[in-house]
Amino acid sequence: MKVARTLVVDIGGSSIKCLLSGLPGGAAEKRKFDSDACMTPARMVRGVREVARGWHYDRITIGYPGVVRHGVPVREPHNLGRGWLGFDFGAAFACPVRVINDSALQALGSYDGGKLLFLGLGTGLGSALIVDGMVLPLELGHLHWTKKRSYEDCVGKAGYARLGKKKWRHKVQRVVQDFSDALLPDEIVLGGGQSKKLKQLPAQARLGSNDDAFAGGFRLWEDDSLTLA
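This text gives an overview of the structure that appears in the document. (Residues numbered from 1 in each chain as written. Predicted model: local features only at pLDDT ≥ 70, side-chain atom pairs only at ≥ 80, totals over all residues. Heavy atoms only, no water.)

Quick look at the overall build of the chain
- Secondary structure summary: the chain contains seven helices and 13 strands in total.
- Taken against the 2.2 N^0.38 rule, which gives 17 Å for 229 residues, the C-alpha radius of gyration of the chain at 17 Å falls within 12% of a compact globule.
- For the chain, the spread of C-alpha atoms along the three principal axes comes to 50 × 35 × 30 Å.
- Considering the chain as a whole, with its 229 residues, one finds that 48% of them fall into the buried category.
- Expressed as a percentage of contacts within the chain between residues at least 6 apart in sequence, the contacts between residues at least 24 apart total 58%.
- When the accessible surface of the chain is split by element, carbon and sulfur atoms take 52% of a total near 11100 Å².
- Put simply, the chain has 32 plus and 23 minus side-chain charges, and the middle of one group is 9 Å from the middle of the other. (Helix = DSSP H or I, 4+ residues; strand = E, 2+ residues; numbered from the N terminus. Rg over C-alpha atoms; globule rule 2.2 N^0.38 Å. Buried < 20%, exposed > 50% of the residue type's maximum accessible area, 1.4 Å probe, protein only. Contact = heavy atoms within 4.5 Å. Areas by Shrake-Rupley, 256 points an atom, 1.4 Å probe, with all protein chains shown as cover. Lys, Arg positive; Asp, Glu negative; His and termini not counted. Charge placed at Lys NZ, Arg CZ, Asp CG, Glu CD.)

Structure representation (structure tokens):
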């Protein structure tokens, strides 16, 4: 019996990473190409086809850096070009495609059951909640912590540059505690490049990996118990 092969495409502001399921080297065999503020979906498709040359895939998972509802982007991304809304990814790739928010994708790759809160400390603050297999992308970073600043203003890259390492770490501890008190997760996973700059992890938290996005992308097709909000 033929095993369906899944290609995961994780879209970022500086690079787009791809990995095919079933490769013997796992995440070490990922391929990538540069991204920028002018990246359009058509350019993304061309880039993926180029780096995935020689790989046979039956279906695709796309991790999208923006708001997704019912598998469809509903807002243009902040750090890429325009044209993502209404783009037909299935037609462009000529195979079935599922689109999911990139933070939700990483959360899915980290999920072991119960209620998981994922917080992605990167350029901004990505967030997602998984409750008993229900995947809920969130936009917690856009909530205002003070009158002038949002949560992602405080704990994203801009906050790190403005506050310095010591004060930024303190802010992260407080922000994570705020969301933990409000959402009552069983576990918190911290992802994103900025998370590696923490000296001590908040209570209930563990570090995730960027490679969790690939595990989540494979799982999206393979685990029938999951539900996407």
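A closer look at the sheet that holds strand 4 (residues 59–64)
- Ordered in space as 3-2-1-4-7, the five strands form an open sheet in which the pairing is mixed. A single partner strand is all that each edge strand has here, and the edge strands are strand 3 (31–34) and strand 7 (97–101). Within this sheet the neighbouring strands show an average axis-to-axis angle of 15 degrees, counted without direction.
- One ladder, built from five bridges, connects strand 1 (residues 6–11) with strand 4; its direction is parallel. Bridge pairing links Asp 10 to Gly 63 in strand 4.
- Seen against the sheet, helix 1 (residues 41–51) touches strand 1, strand 2 (15–20), strand 3 and strand 4 and runs at an angle of roughly 140 degrees to strand 3. (Pairing = 2+ DSSP bridges. Axes fitted to C-alpha atoms, helices over the stretch in contact; angles between N-to-C directions.)

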